[in-house]
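# Report on the structure
Each chain, letter by letter, is given below.
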Amino acid sequence: MPQQITRGYRQLVDEANAIVEEIDVARAQQLYGRDDVQFVDIRDIRELEREGRVPGAFHCPRGMLEFWIDPASPYARPQFQQDRHFVFFCAGGLRSALAARAAQEMGLKPVSHLKGGYGAWRAAGGATEPLPPKRAAG
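Criteria and cut-off values
- Residues numbered from 1 in each chain as written.
- Predicted model: local features only at pLDDT ≥ 70, side-chain atom pairs only at ≥ 80, totals over all residues.
- Heavy atoms only, no water.
- Helix = DSSP H or I, 4+ residues; strand = E, 2+ residues; numbered from the N terminus.
- Buried < 20%, exposed > 50% of the residue type's maximum accessible area, 1.4 Å probe, protein only.
- Contact = heavy atoms within 4.5 Å.
- Areas by Shrake-Rupley, 256 points an atom, 1.4 Å probe, with all protein chains shown as cover.
- Pairing = 2+ DSSP bridges.
- Core = buried A, V, L, I, M, F, W, Y, C linked by side-chain atoms within 4.5 Å.
- Axes fitted to C-alpha atoms, helices over the stretch in contact; angles between N-to-C directions.

### A word on the overall build of the protein
Within the protein one finds six helices and five strands. Going from the N terminus to the C terminus, the protein shows its helices and strands as α-β-α-β-α-β-α-β-α-β-α. C-alpha extents for the protein along the principal axes are approximately 50 × 40 × 35 Å. Residues counted as buried form 35% of the 138 residues belonging to the protein. Considering only residue pairs separated by 6 or more positions, the protein has 63% of its internal contacts joining residues 24 or more positions apart. Per element, the accessible surface of the protein, about 8200 Å² overall, is 52% carbon and sulfur.

What follows is the structure, encoded as structure tokens:
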């Protein structure tokens, strides 16, 4: 018998958007480049390699988010230990809603996420750059 899912991804995203600030590209562009703002790209590394990145954004794979935020974690990252406004984004704004909700529930603040994600950012002419090529080992 197939699994009976009682709360689908759309409901989870809607619930996240009800409690997390969702900003549009125009607002994100106003925040971009400020010293007190940290953009956080939660896309998979393959997406960055394929599509490019926002210069200055910190890449945090979604699967490591909670571990990198928590200062008590052996995986804690200094980018999350600063007093900044954190703007999360993914490709289209769904994963970043869930990530921003998790971050906010952990106590990170202020937190928001980019409506439409990297796709909306790029379509609006936001700054992008290719991911630098990997250096060969040796």
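More follows now that the structure is in view.
### Notes on the pairing of strand β5 (residues 111-114)
Burial along β5 is two-sided: Val111 and His113 and Ser112 and Leu114, pointing in opposite directions, are all buried. Note: strand β1 (residues 21-23) against β5, three bridges, orientation parallel. From the neighbouring strand, Ile23 faces β5, where its bridge partner is Leu114. Sheet analysis places strand β4 (residues 85-89) next to β5, joined by three bridges and oriented parallel. Looking at β5, one finds that Phe86 is bridged to Val111.

### Description of the nonpolar core
For soluble globular proteins, the rule of thumb is that nonpolar side chains tend to be buried together. Counting residues in hydrophobic clusters, the biggest one holds 18 residues, and the most contacted among them are Val40, Cys60, Leu65, Phe80, Phe88 and Leu108. Those elements giving two or more residues to this core turn out to be α4 (65-69), β4 and α5 (95-106). Counting residues per element, this core draws most heavily on α5, at four residues. Within the second largest apolar cluster, 13 residues are counted, among which are Val37, Phe39, Ala57 and Trp121.

### Some words on the sheet that holds β4
As summarised here, the arrangement of the five strands in space is β1-β5-β4-β2-β3, forming an open sheet in which the pairing is parallel. Pairing within the sheet leaves two strands with one partner each, and these edge strands are β1 and β3 (58-59). Against the sheet, α5 makes contact with β4 and β5, and its axis sits at roughly 175° relative to β5, the strand it touches most.

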